[in-house]
Amino acid sequence: MKQTIKEEINKLYCLFKTTPKIDVQSVKQHVESFAFNTQQINPLRKAVNEVVAISKKKKIIVTKSTVPVATGDEIEKIIKKRKKKNIVAISNPEFLREGEAIRDFRYPDRIVIGSNDKKIHKIMKSLYIPLINKGAKFFTTSRRGAELIKYASNAFLATKITFINEIANLCE
């Protein structure tokens with residue numbers, strides 16, 4: 001695997017478990033507890049350190065999970081600390097509904113690419129052309145912008161769920 005990462009892979013996706021419970025309180029706790037020194041971000045740090053240590057060719061490290069805003073900056077610090085100019089970190093959050101993950105992966109309603117490099121936007125767009133041709137909307141923004149879009153989407157979903165639950169409670 002190390003040899004493959006070193007020589008053949010040019011886009012590396014980092015996916016990590018996120019909180020399964022969605023309500024306002026859990027989102028608030030998740031945001032407050034998901035600091036860069038917690039156990040939740042350490043697997044990402046470890047993976048990035050390992051990839052950066054063995055990479056020789058140009059790589060794009062893509063985070064897809066819900067991460068705190070500025071996690072990409074943290075990854076960038078690891079890259080710069082090791083003096084690797086051929087590696088770039090971007091955010092490409094996924095928007096998968098519970099019970100619909102496969103369908104949402106194959107037919108996403110939107111694709112968000114967060115990078116501070118316009119060339120990366122073009123590279124990632126070429127990767128997603130088949131999905132764009134199926135009707136997915138393609139958005140480019142800064143890396144922090146993409147991380148914030150994912151958090152805002154989760155918070156909005158939590159708000160909608162909480163609201164409808166309160167309406168249901170009123171009806172009972």
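Residues numbered from 1 in each chain as written. Predicted model: local features only at pLDDT ≥ 70, side-chain atom pairs only at ≥ 80, totals over all residues. Heavy atoms only, no water.

A.B. asks: Any chance you could explain the packing of helix α4 (residues 71–81) against helix α7 (residues 143–171) here in plain terms?
C.D. replies: Between two packed helices, the angle of one axis relative to the other and the distance separating the axes together describe the packing. Direction vectors running N to C along α4 and α7 enclose 140°, while the axes themselves pass 8 Å from each other. As summarised for this structure, α4 and α7 are arranged oblique, according to the angle between their axes. Contact with α4, carried on its side by Thr71, Gly72, Asp73 and Glu76, involves Arg143, Arg144 and Glu147 of α7 and no other residues of that element. Of the residues contributing to the contact of α4 with α7, the split by class is no nonpolar, two polar and five charged. (Axes fitted to C-alpha atoms, helices over the stretch in contact; angles between N-to-C directions. Helix = DSSP H or I, 4+ residues; strand = E, 2+ residues; numbered from the N terminus. Parallel < 35°, antiparallel > 145°, perpendicular 65-115°, else oblique. Contact = heavy atoms within 4.5 Å. Nonpolar A, V, L, I, M, F, W, Y, C, P; charged D, E, K, R; others polar.)

A.B. asks: How do you make sense of the confidence of the model for the protein chain when you look at a structure like this?
C.D. replies: In low-pLDDT regions, the fine details of the predicted coordinates are not to be read closely. Scored by pLDDT, the protein chain comes out at a mean of 79, with 76% of its residues at no less than 70. Counting interchain partners and residues more than four positions distant, the pLDDT-below-50 stretch residues 1–7 has twelve contacts. In the model, residues 26–37 has pLDDT below 50 throughout and makes 26 contacts with residues more than four positions away in sequence or in other chains. (pLDDT = per-residue confidence, 0-100.)

A.B. asks: Sorry, what's going on with the environment of asparagine 49 here?
C.D. replies: Turning to its location among the elements, asparagine 49 is positioned in helix α3 (residues 42–54). For asparagine 49 and arginine 82, which are 33 residues apart along the polypeptide, the C-alpha to C-alpha distance reads 8.8 Å.

A.B. asks: For this particular structure, what's the right way to read the nonpolar core?
C.D. replies: Most often, soluble globular proteins keep nonpolar side chains buried together rather than apart. Residues Ile60, Val62, Val88, Ile90, Ile111, Ile113, Ile120, Met124, Tyr128, Leu131, Ala136 and Phe138 constitute the largest nonpolar core, which totals twelve residues. Of all elements in the fold, only β2 (59–63), β3 (87–91), β4 (110–114) and α6 (118–133) reach the threshold of two or more residues within this core. The greatest single-element share of this core, amounting to four residues, is contributed by α6. Among residues more than four places away in sequence, those in contact with isoleucine 90 are Ile60, Ile61, Val62, Thr63, Ile113, Gly114, Ser115, Ile120, Met124 and Arg143. Counting ten residues, the second-largest nonpolar core is a separate cluster that includes Leu44, Val51, Ile61 and Ala89. (Core = buried A, V, L, I, M, F, W, Y, C linked by side-chain atoms within 4.5 Å. Buried < 20%, exposed > 50% of the residue type's maximum accessible area, 1.4 Å probe, protein only.)

A.B. asks: Any chance you could explain the pairing of β2 here in plain terms?
C.D. replies: Residues in a regular strand point their side chains to alternate faces of the sheet. With five of five residues buried, β2 is to be regarded as a mostly interior element. Here β2 shows a buried face lined by Lys59, Ile61 and Thr63 and a second buried face lined by Ile60 and Val62. The pairing of β2 with β3 spans five bridges and is parallel. Following the sheet pairing, isoleucine 60 is matched in β3 by valine 88. Crossover β2 to β3 through α4 is right-handed. (Pairing = 2+ DSSP bridges. Right-handed = clockwise from strand over helix to strand, strands pointing away.)

A.B. asks: Please clarify how α6 should be interpreted in this entry.
C.D. replies: One turn of the α-helix equals 3.6 residues, which is why residues spaced by three or four share an orientation. Counted at 1.5 Å a residue, the expected span for α6 with its 16 residues is 22 Å, and the 21 Å between its end C-alpha atoms agrees. For α6, the principal kink sits at leucine 127 and spans about 55°; a proline, proline 130, occurs within the next four residues. Backbone nitrogen of lysine 119 and a side-chain oxygen of the N-cap are separated by 2.9 Å at the start of α6; the cap is aspartate 117. Glycine 135 sits one or two positions beyond α6 and adopts a positive phi of about 115°. (Expected span 1.5 Å × (residues − 1). Bend = angle between axes of the 7 residues up to and from the residue. Polar contact = N/O pair within 3.5 Å; in protein donor to acceptor, adjacent residues only side chain to side chain.)

A.B. asks: Would you mind going over the packing of α3 against α4 with me for this structure?
C.D. replies: Direction vectors running N to C along α3 and α4 enclose 35°, while the axes themselves pass 10 Å from each other. Of the two possible hands of crossing, α3 and α4 adopt the one that is right-handed. Facing Leu44, Arg45, Val48, Asn49 and Val52 of α3, the residues of α4 in contact are Thr71, Glu74, Ile75, Ile78 and Ile79. Among the residues making up the contact of α3 with α4, the classes are represented as six nonpolar, two polar and two charged. (Left-handed = near helix turned anticlockwise from the far one by under 90°.)

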